[in-house]
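Structure at a glance
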Amino acid sequence: MSSTEQTLSIIKPDAVERNLSEKIKEEFKKNGFNIFKEKKIKLEKNEAEKFYQVHQSKPFYNDLCSYLSSGPIIVMILERENAILENRELMGATDPTKAKEGTIRKKYGISIDKNSVHGSDSPDNAKIEIDFFFKD
Ligand code: IDP
Ligand code: MG
């Protein structure tokens, strides 16, 4: 039995700025993801702080929130079977220098902070993050 799962994906400012959005969306489609919803937005710093709340005790929290709110991003709901784990696999490790060959972060990431994409890490967080951006 198979069932479709949803996850929240973000194309981060470094990738949007380098015009990589279409290439990255192709990576998702090529790997069996349906882009169920998408929008291009720019977050305010306080919104990025809310989104990354789980990291508020980390030393990089302030820089991370400044960065995510530094330019336009594309937020997407991706769908496929096992979407959360499959997207984490396709993204690759947080640090692009440690990401496997063929992953999005290996191909396009610049550094651990400018790593081009975000993806939800669990079913609970996928729901929270989808609601954060797409709740009407
Ligand atoms: P993830 O994006 O692979 O889930 P997390 O540990 O959830 O990684 O961290 C969230 C984001 O915070 C990362 O994507 C990255 O942009 C940034 N980040 C994580 N660790 C560091 C670090 O050590 N220095 C700077 N930025 C970091
Ligand atoms: Mg994370």
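Look up: the structure comes first, before these words.
A short tour of the structure in this document, coming up. Predicted model, so just to flag it, every value in this text is computed and none were measured. (Residues numbered from 1 in each chain as written. Chains lettered and ligands numbered in written order. Predicted model: local features only at pLDDT ≥ 70, side-chain atom pairs only at ≥ 80, totals over all residues. Heavy atoms only, no water.)

Description of the packing of aromatic side chains
To keep things clear, this is the line we draw: A pair of Phe, Tyr and Trp rings is counted when the ring centres sit within 6.5 Å of each other, with Trp represented by its six-membered ring. The angle between the planes then sorts it: under 30 degrees is stacked, over 60 is edge-to-face, the rest tilted. Each residue's exposure class comes from its accessible area (1.4 Å probe, protein chains only) as a fraction of the maximum for that residue type: buried when under 20%, exposed when over 50%, partly exposed otherwise.
The tally for this structure, following the rule as stated, stands at 5 aromatic pairs. Look at Phe28 and Phe33: their rings are 6.0 Å apart centre to centre, the planes differ by 80 degrees, and that puts the pair in the edge-to-face class. As far as burial versus exposure is concerned, Phe28 and Phe33 are alike and both buried. On the numbers, 5.1 Å between centres and 65 degrees between planes, the contact of Phe51 with Tyr52 is edge-to-face. Given a relative accessible area of 9%, Phe51 falls into the buried group. Taking the relative accessible area as the measure of exposure, Tyr52 reaches 6% and is therefore buried. Aromatic rings pair up to connect Phe51, Tyr52, Phe132 and Phe133 into one cluster.

So, the sheet that holds strand 2 (residues 34-41)
Our working definition: Note on pairing: two strands pair once DSSP finds at least 2 bridges between them. Numbering of helices and strands runs from the N terminus, with a helix taken as a DSSP run of H or I at least four residues long and a strand as a DSSP run of E at least two residues long. Lines are fitted to the C-alpha atoms to define the axes, a helix being fitted only along its stretch in contact, and any angle between axes, read from their N-to-C directions, falls within 0 to 180 degrees.
Taken in spatial order, the 4 strands of this open sheet run 2-3-1-4, and their pairing is antiparallel. Lying at the two open borders of the sheet, with one neighbouring strand each, are strand 2 and strand 4 (117-119). Direction aside, neighbouring strands of the sheet carry axes that sit 20 degrees apart on average. The sheet contact formed by strand 1 (residues 4-11) and strand 4 spans 3 bridges and is antiparallel.

Digging into the nonpolar core
Generally speaking, a soluble globular protein has its nonpolar side chains buried in company with each other. Stated precisely, the cut-off is as follows: For this analysis, a nonpolar core means a set of buried residues of the types Ala, Val, Leu, Ile, Met, Phe, Trp, Tyr and Cys, connected via side-chain atoms within 4.5 Å. Two residues form a contact once any of their heavy atoms are found within 4.5 Å.
Judged by nonpolar contacts, the single largest core of 17 residues is most densely connected at Ile11, Ile24, Phe28, Phe33, Met76, Leu78 and Ile104. For this core, the elements supplying multiple residues, two or more each, are helix 1 (13-17), helix 2 (21-30), strand 3 (73-81), helix 5 (83-91) and helix 6 (104-108). The residues touching Ile104, leaving out its near neighbours within four places in the chain, are Ile24, Glu27, Phe28, Leu90, Met91, Gly109 and Val117.

A word on the pattern of salt bridges
We apply this condition: Salt-bridge detection follows one rule: a side-chain nitrogen of Lys or Arg within 4 Å of a carboxyl oxygen of Asp or Glu.
According to the stated counting rule, one finds 12 salt bridges in the structure shown. Glu26 is paired through a salt bridge with Lys29; the nearest N and O atoms lie 3.8 Å apart. Taken together, the positions of Glu26 and Lys29, both in helix 2 and 3 residues apart, correspond to about one turn of that helix. Judged by its relative accessible area of 42%, Glu26 falls in the partly exposed class. On the accessibility criterion, Lys29 (42% relative accessible area) is partly exposed. In this structure, Glu27 engages Lys30 in a salt bridge whose closest nitrogen and oxygen atoms are separated by 3.7 Å. Taken as a pair, Glu27 and Lys30 lie in helix 2 at a separation of 3 residues, close to a single helical turn. The class of Lys30 is exposed, set by a relative accessible area of 61%.

Here's the deal with the side chain of Ser116
Operational definition: Polar contacts, as used here, are pairs of N or O atoms within 3.5 Å; protein pairs need one atom able to donate a hydrogen and one able to accept it. Residues neighboring in sequence count only if both atoms are side-chain atoms.
Structurally, Ser116 can be placed in the loop between helix 6 and strand 4. Looking at Ser116, its side chain comes within polar contact range of the side chain of Arg18, at 3.4 Å. The contacts of Ser116, once residues within four sequence positions are left out, are Ile10, Ile11, Lys12, Asp14, Ala15, Arg18, Tyr108 and Gly109.

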